[in-house]
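In case you want the letters, here they are:
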Amino acid sequence: MSTIGNPSAESSNSSLALTVFGANGGTGAAAVQQALTAGHRVTAVTRHPEQFSQRHERLTVLKGDATVEADVLGAVAGADAVLSALGVPYSRNPISLYSKSARAIVMAMEHTGIRRLIVVTSSAVDPDGFPATSLMKQLVGKYLIGPVIHRLGRTMYEDMVRMEEIIRSTSLDWTILRPPALFNKDAVGAVETSLRPMTAQFVARQDLGAIMVDETTRDDHHRETVYVRSVDGRPSIIRTIWDDAIRKK
Ligand SMILES: NC(=O)c1ccc[n+]([C@@H]2O[C@H](COP(=O)([O-])OP(=O)(O)OC[C@H]3O[C@@H](n4cnc5c(N)ncnc54)[C@H](OP(=O)(O)O)[C@@H]3O)[C@@H](O)[C@H]2O)c1
C-alpha cells in the first residue's frame, strides 16, 4: 500500500497533453482541474460542452461521444496519455458504455501510437473488493450492503468487467483504477493506493481525479489494477447509495 500526500500540490516536471473522457462528470471534472493545476494541457471530451464550466488557456473542450470511433480518434490526436472517468447511472437494462468506449479508445490509441491509458471502473467488480476491519462489518458488507450494491449495479459491473478485459488484452501501458464508493468534498486530500482491495470504502471524486493525473507521470502501476481510497472523509453509505443509485437516475 502506498500513500500519496497531496497529489495536487505536486507539479509535474514536464507538461503533458492529456485527453480526459467523462470530463463533465464529477471525477472527470476533478481530473481536468488537477491536470491544469499540475501544468498539463488538457482536452476535455463531453457530449455536452455547453454544460462544461471550466475555462483555461491550456484547456480545449471537445464535443464527442466516447463510443463513436471517429470522435475518439479526433479527441486523442496528439495526446501523451488518455484518461477515462466515463460513467452512467445504474440501470436494469444492459449497459455498454464501458465496453464500447474501451474498444473505441484502445483502437484510437493503437492507431495513433499513444501508450498510456488510465481508466476508472469499481472495486465492486471484484467479489473480494469489500474487505472489512471487523467480523460485524464483514457480515454487514457481505449480507447487506454488498448484495444491495451488486443488485443495483449488476448490468454496470458486467460491462465494467468487459471493459477491463478489453484493456488487459492490449499491449498498452494501462492502469485500471478500482474506486470504492465515491463522494464529493471541496479540496484534494491524502489518498492511498494498493494492488489489493482495501478497507474504508470511500474515495472523494476530487482525490480520484488527482490520482488519475498522478498516474500519468508514474510508471510503477503500468498494467496493474489499483485500489484507491481517501484517507480523510467518511460520508454515509446510505447517502452515497441515494445520490448515485436513486437520485442520479
Ligand atoms: N458512484 C460511485 O460511488 C462509484 C463507485 C465506484 C466507481 N464509480 C465509477 O467512477 C466513474 C466516475 O463516476 P462519477 O460519478 O464521477 O461520474 P459521473 O458524474 O457519472 O460522470 C460520468 C460522465 O460520463 C460522460 N459520458 C457518459 N456517456 C458518455 C459517452 N457516450 N460519451 C462521452 N461521455 C459520456 C457524461 O458526460 P456527458 O453527458 O457530458 O457526455 C458524464 O458526465 C464512473 O465510471 C462510475 O461508474 C462510481
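Rules and cut-offs
- Residues numbered from 1 in each chain as written.
- Predicted model: local features only at pLDDT ≥ 70, side-chain atom pairs only at ≥ 80, totals over all residues.
- Heavy atoms only, no water.
- Patch = residues over 30% accessible without salt bridge, like charges linked within 9 Å, V, L, I, M, F, W, Y side chains within 5 Å.
- Areas by Shrake-Rupley, 256 points an atom, 1.4 Å probe, with all protein chains shown as cover.
- Salt bridge = Lys/Arg side-chain N within 4 Å of Asp/Glu carboxyl O.
- Helix = DSSP H or I, 4+ residues; strand = E, 2+ residues; numbered from the N terminus.
- Buried < 20%, exposed > 50% of the residue type's maximum accessible area, 1.4 Å probe, protein only.
- Core = buried A, V, L, I, M, F, W, Y, C linked by side-chain atoms within 4.5 Å.
- Contact = heavy atoms within 4.5 Å.
- Axes fitted to C-alpha atoms, helices over the stretch in contact; angles between N-to-C directions.
- Parallel < 35°, antiparallel > 145°, perpendicular 65-115°, else oblique.
- Left-handed = near helix turned anticlockwise from the far one by under 90°.
- Nonpolar A, V, L, I, M, F, W, Y, C, P; charged D, E, K, R; others polar.

Draft legend 1. Broad picture of a nonpolar patch on the surface. A cluster of nonpolar side chains, namely Leu 135, Leu 139 and Tyr 143, defines an oily patch on the protein surface of about 360 Å² accessible area. Secondary-structure assignment places Leu 139 in helix α4 (residues 135–152). Taking relative accessible area as the criterion, Leu 139 reaches 42% and is therefore assigned partly exposed.

Draft legend 2. Molecular detail of the nonpolar core. Within the largest apolar cluster, 34 residues are counted, with the highest numbers of intra-cluster contacts made by Phe 21, Val 82, Leu 117, Tyr 157 and Ile 167. When residues of this core are traced back to their parent elements, those giving at least two are α2 (69–76), α3 (97–112), β6 (116–120), α5 (154–168) and β7 (173–178). In this structure Tyr 157 touches Tyr 90, Ser 122, Ala 124, Val 125, Ile 149 and His 150, once residues within four positions along its chain are discounted.

Draft legend 3. Focus on the pattern of salt bridges. Tallying each qualifying case throughout the model produces eleven salt bridges. Among the salt bridges present, the one from Arg 168 reaches Glu 164, with a minimum N-O distance of 3.0 Å. With Arg 168 and Glu 164 both in helix α5 and four residues apart, this pair spans about one turn of that helix. Classification of Arg 168 as partly exposed rests on a relative accessible area of 31%.

Draft legend 4. Quick look at the packing of helix α1 (residues 26–37) against helix α6 (residues 205–215). Orientation of α1 relative to α6, taken along the N-to-C sense of each, is 55°, at an axis distance of 7 Å. Put simply, α1 runs oblique to α6. In terms of crossing hand, the pair formed by α1 and α6 is right-handed. Contacts between α1 and α6 involve Gly 26, Thr 27, Ala 30, Ala 31, Gln 34 and Ala 35 from the first element and Arg 205, Gln 206, Leu 208, Gly 209, Ala 210, Met 212 and Val 213 from the second. Grouping the amino acids of the contact of α1 with α6 by side-chain chemistry returns seven nonpolar, five polar and one charged.

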